[in-house]
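What the coordinates show
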Amino acid sequence: MFNFLSKSKILVIDDFAGFRQTIKTMLGRLGAHHIDQSSNGSEAIKRCSEENYNIIFCDYNLGDGQDGQQILEELHQRSLMRQGTLFIMVTAETTTAQVMGAIEYRPDAYLTKPFTGDQLGQRLKRLILKNAALNNIYLAMNAGNISKAIAICDEVIIATPKLKYSCLRIKSDLLEKQEQNDELMSLYNDVVNEQPVLWAMVGLGRLYFNSGEVRKALEHFLSMRETFSRQVSLLDWIAKCQNELGEAEKAEETLKEAVSISPKSVMRQATLGTVAASLNNHELAQKSFAKTIHEGTYSCMLEPQHFEQYYDNTREVAQKLDVRERSRLLAETEVVHKKMERTYQNDPSAMAANLSSAALLYSAVGKSDKSSGILSKLTKTLENPACELSEEQATSIDKHLESFTEDGSTDKYLNQISSRMNVIKEEIKVRKKEDEIKVDQLKIAKKTNSEGIQLSKKGQHQEALLKFREAIEILPENINYLLNAAQIIIEYKELNSNADNVIEARHYLQDLISMDETDIRWKRYQKLLERVSNG
Amino acid sequence: MAKQSLFETVLASTVHDMKNSLSLLMGELDNLGQKLETDSDNQQAVSSIRYESSRINQSLMQLLTLYKLENNQLSIQITEVEVADFIEDCIATHSLLAENNGIQLEVDCDDSTIWFFDQDMVGIAINNILGNSIRYTKKKLLLSVKVVDSHLIIQIDDDGQGYPESMIEDPEHFIKKVNYSTGSTGLGLFFSATIAHNHQRSGRQGSIRLTNDGLLNGGSFQISLP
């Protein structure tokens with residue numbers, strides 16, 4: 001019936017070979033030749049790093065390993081998917097889409113099993129047509145030209161009214177990136193006045209939150225609860241507001257509910273763990289971080305601190321348990337610890353911070369042999385030249401070292417580590433100072449430029465030019481400084497009567513050649529170019 | 001949040017398994033159908049298996065959805081819907097079936113209409129009615145969409161004998177007087193009505209309606225969404 005897939009590169013991800021074959025046959029009938037298959041997430045991600053696919057079919061439920069949503073997140077985070085690639089999530093139930101609702105990364109379409117070849121063809125054909133209509137927006141986005149992409153969104157809405165909401169949704173993401181909050185607010189309000197759809201309602205609340213109106217955001221999200229009762233992203237936001245407002249107990253309750261609806265999110269489990277730990281509810285925190293690590297096995301969302309928080313909370317819990325329960329818990333910890341060592345074998349800084357908390361855990365439960373072994377490894381890790389601790393990591397290691405109690409077998413390591421740490425902390429101080437100098441220089445450049453503007457207003461053009469030159473010296477690529485210097489030369493006779501000055505102005509404008517057409521300074525730049533070429 | 005009962009877990013897993021099986025079954029049927037192009041007898045058989053499979057699927061969806069709605073595990077999720085696309089999807093689900101039964105499927109829908117409703121749930125409802133209508137119509141089916149008094153009306157007209165009087169009187173509760181001898185349980189109508197009622201907007205509520213004076217002189221089903 002159709003033959004429109006002949007040029008598409010397609011990837012089918014499903015753990016069930018029978019189903020992969022079914023889709024492949026259907027796609028073949030639609031003209032597709034280039035169809036690759038993967039049975040799990042890591043294989044799929046590897047393929048995506050080698051090939052730019054046009055269409056990706058992904059089953060949501062892939063058994064063990066990553067689920068479809070995690071694959072989508074990783075592809076986005078690692079930029080392995082271009083704007084305009086169609087990602088189609090295949091689910092067995094319509095409700096999956098509902099639970100997933102308003103999350104950051106969403107597929108282009110959900111397809112519910114079972115479906116026929118006709119249905120698939122129809123869907124794909126339409127998605128491809130829609131993509132073609134939105135293609136110019138994606139091209140601008142891929143080129144990093146956000147202002148242009150926003151302008152095209154408005155054009156597409158006029159040309160194709162049917163795509164109004166698709167465009168508005170993309171536009172809202174772009175406006176958020178550019179922090180154009182007033183525009184964004186009016187976009188969301190317009191949509192919500194028509195119909196309070198989830199994405200616009202969540203967007204509105206997020207905007208309140210980001211502009212510091214946390215109480216207002218919380219009330220807004222709470223008012224949505226009845227209408228969007230099964231929506232976990234809403235619960236996440238409520239908890240975030242409650243936490244920000246110091247209502248940790250309430251945040252904990254909210255997150256417990258969110259986790260019961262959708263337990264697979266790594267970040268949600270970690271947030272619950274952090275909140276519970278802040279309330280000294282170490283048991284819940286321990287369980288949450290265990291789940292974080294378990295669910296995060298195949299996820300790019302898992303962070304080194306999650307292990308540290310796991311060790312710390314396990315330490316609190318283990319000390320209160322009887323012998324049998326404690327050894328059961330430590331057996332679990334053993335598995336986690338092996339996973340940690342595997343995960344960060346090439347990241348000595350993350351490894352070091354985690355080792356210090358693991359060593360303290362084992363020392364606190366009286367396993368000094370194990371603790372010594374880990375400290376010995378920590379000593380070696382800190383000697384590794386690739387180990388460049390952040391300030392937080394160093395503080396965390398210090399904090400753990402201080403909590404060790406006197407013990408003959410660990411003392412010698414502790415002394416060694418603490419003298420090494422002193423060296424490392426000095427290095428961090430030096431690095432920090434260097435960074436501060438950079439920040440200071442930025443400030444100086446900015447100040448110098450505004451001094452130049454003031455001088456120019458007073459008619460002291462020669463002095464102003466000196467200031468602009470100084471600013472350019474510090475930040476040679478700053479568009480404003482370059483334009484200011486060029487303009488003052490071109491505009492005032494006392495400066496442009498000097499041929500060297502004019503050459504200098506030409507150089508400044510030359511440096512601005514890559515300026516974007518949609519930049520608000522573009523017209524000013526063009527005028528200067530014109531004037532300098534007309535002599 | 002109440003703990004999931006064992007029954008719920010079993011129900012969800014069973015439906016999940018059955019749907020996976022149905023997926024494969026329908027995929028294989030598609031293949032078989034392609035190979036059997038000339039032989040009309042077998043083609044007829046394939047078509048009938050396909051039809052019954054899709055009915056099983058629809059019943060499963062309705063069962064699970066109603067169960068979840070009843071137990072507050074599911075609520076209507078209103079989103080913006082490009083109506084013409086939505087209708088196209090419904091038609092694609094049934095095009096092969098209609099073709100095999102020699103039934104002409106016609107659509108009348110404005111391409112630029114955007115409306116707000118739960119497209120998954122309304123989709124299940126429409127697909128069920130369409131499936132049944134294909135069974136009862138003679139030659140033609142018309143799926144039309146219009147906006148009247150701030151309601152989106154999706155209407156399915158057939159040129160069959162029309163709905164029985166007892167159904168027209170109270171379509172939403174026909175399920176209570178099930179007549180197994182006719183094979184019609186009214187589940188689809190009950191489902192459609194439930195979904196329609198769950199759509200509310202500025203004090204207005206969705207509804208369904210059956211008549212026998214449709215555009216094709218047969219039965220006519222309407223679902224109206226505020």
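Residues numbered from 1 in each chain as written. Chains lettered and ligands numbered in written order. Predicted model: local features only at pLDDT ≥ 70, side-chain atom pairs only at ≥ 80, totals over all residues. Heavy atoms only, no water.

Here we take up the interface of chain A and chain B. Each partner contributes residues to the interface: chain A has 41 residues there, and chain B has 41 residues. Taken together, the two surfaces of chain A and chain B that pack against each other cover about 3700 Å², and 53% of this comes from carbon and sulfur. Counting every contact that joins chain A to chain B gives 6 salt bridges. Note that D85 of chain B is salt-bridged to R126 of chain A, the shortest N-O span being 3.5 Å. Taken together, chain A and chain B are joined by 12 residue pairs in polar contact (both at pLDDT 80 or more). Secondary structure elements with two or more residues in the side of chain A that touches chain B: helix 1 (17-29), helix 4 (95-100), helix 5 (117-142), helix 7 (164-177) and helix 12 (248-261) of chain A. (Contact = heavy atoms within 4.5 Å. Buried area = accessible area lost by both parts, 1.4 Å probe. Salt bridge = Lys/Arg side-chain N within 4 Å of Asp/Glu carboxyl O. Polar contact = N/O pair within 3.5 Å; in protein donor to acceptor, adjacent residues only side chain to side chain. Helix = DSSP H or I, 4+ residues; strand = E, 2+ residues; numbered from the N terminus.)

Moving on to helix 14 (residues 282-295) of chain A. Residues and elements named next belong to chain A. Over its 14 residues, helix 14 runs 19 Å from end to end, which matches the ideal 20 Å to within 8%, given 1.5 Å per residue. Among the 14 residues in helix 14, 10 count as buried, and that is most of the element. Those residues of helix 14 that fall on the buried side of the exposure criterion are H282, L284, A285, Q286, S288, F289, A290, T292, I293 and E295. Contact partners of the buried residues in helix 14: helix 3 (68-77), helix 12, helix 13 (266-278), helix 15 (304-318) and helix 16 (323-343). (Expected span 1.5 Å × (residues − 1). Buried < 20%, exposed > 50% of the residue type's maximum accessible area, 1.4 Å probe, protein only.)

All names here are of chain A. On the basis of which strands lie adjacent, the open sheet formed by 5 strands has the order 2-1-3-4-5 and parallel pairing. Two strands bound the open sheet, and with one partner strand each, they are strand 2 (34-38) and strand 5 (109-112). Sheet twist, expressed as the average angle between the axes of neighbouring strands with direction ignored, equals 20°. As paired strands, strand 4 (residues 86-91) and strand 5 are joined by 4 bridges and run parallel to one another. (Pairing = 2+ DSSP bridges. Axes fitted to C-alpha atoms, helices over the stretch in contact; angles between N-to-C directions.)

It is worth spelling out the domain arrangement of chain B at this point. Residue and element names in this part refer to chain B. Domain assignment breaks chain B into domain 1 (2-70) and domain 2 (79-225). Here domain 1 and domain 2 have C-alpha centroids that lie 21 Å from each other. Taken together, the contact pairs 13 residues of domain 1 with 19 residues of domain 2. Buried area between domain 1 and domain 2, summed over both chains or domains, comes out near 1400 Å², and the portion from carbon and sulfur atoms is 60%. Looking only at domain 1, the three residues that lose the most surface to domain 2 are Y51, Q58 and Q62, adding up to 41% of its buried area. Applying the counting rule to domain 1 against domain 2 returns 0 salt bridges. Our count for the domain 1 to domain 2 interface comes out at 2 residue pairs in polar contact (both at pLDDT 80 or more). (Domains from an automatic or database assignment.)

Our next topic: the side chain of Q286 of chain A. The topology assignment puts Q286 of chain A in helix 14. Discounting chain neighbours no more than four positions away, the residues touching Q286 of chain A are Y310, N313, T314, V317, L329 and E332 of chain A.

This next bit is on the nonpolar core. In this structure, I137 of chain A together with I154 of chain B are the most contacted members of the largest nonpolar core, which totals 91 residues. Sort the elements by how many residues they give to this core and helix 9 (residues 198-210) of chain A lands first, with 9 residues. For this core, the two domains that each supply at least three residues are domain 1 (2-70) and domain 2 (79-225) of chain B. Sequence-distant contacts of I137 of chain A, that is, excluding residues within four places in its chain, are made with A149, I152, C153, V156, C167 and I170 of chain A. Among the nonpolar cores identified, the runner-up in size contains 44 residues, and A318, M340, L361 and Y362 of chain A belong to it. (Core = buried A, V, L, I, M, F, W, Y, C linked by side-chain atoms within 4.5 Å.)

A word on the pattern of salt bridges. On inspection of all chains with the given rule, the structure shows 33 salt bridges over all chains. By sharing partners, the salt bridges in this structure join R123, R126 and K162 of chain A together with D85, E88, D89 and D111 of chain B into a single network.

Attention now goes to the packing of aromatic side chains. For the structure shown, the criterion picks out 9 aromatic pairs over all chains. Geometrically, the ring pair formed by F307 of chain A and Y344 of chain A is edge-to-face, given 5.7 Å between the ring centres and 90° between the ring planes. Taken together, the positions of F307 of chain A in helix 15 and Y344 of chain A in the loop between helix 16 and helix 17 (348-364) put the pair 37 residues apart, joining distant regions of the chain. The exposure classification of F307 of chain A matches that of Y344 of chain A, with both residues buried. Three or more aromatic residues joined by ring pairs make a cluster, and in this case those are F209, F221 and W237 of chain A. A cation over a ring is seen here: R201 of chain B above W115 of chain B, with NZ or CZ 5.8 Å from the ring centre. (Phe/Tyr/Trp six-rings, centres within 6.5 Å; stacked < 30°, edge-to-face > 60°. Lys NZ or Arg CZ within 6 Å of the ring centre and 35° of its normal.)

Moving on to the packing of helix 21 (residues 461-474) of chain A against helix 22 (residues 479-491) of chain A. Residue and element names in this part refer to chain A. Between helix 21 and helix 22, whose axes approach to 9 Å, the crossing angle comes to 155°. As far as their axial angle goes, helix 22 and helix 21 are roughly antiparallel. Helix 21 and helix 22 meet at a crossing whose hand is left-handed. Between helix 21 and helix 22, the residues in contact are H461, A464, L465, F468, A471 and I472 and Y481, L482, N484, A485, I488 and I489, respectively. A class-by-class count of the residues in the contact of helix 21 with helix 22 yields 10 nonpolar, 2 polar and no charged. (Parallel < 35°, antiparallel > 145°, perpendicular 65-115°, else oblique. Left-handed = near helix turned anticlockwise from the far one by under 90°. Nonpolar A, V, L, I, M, F, W, Y, C, P; charged D, E, K, R; others polar.)

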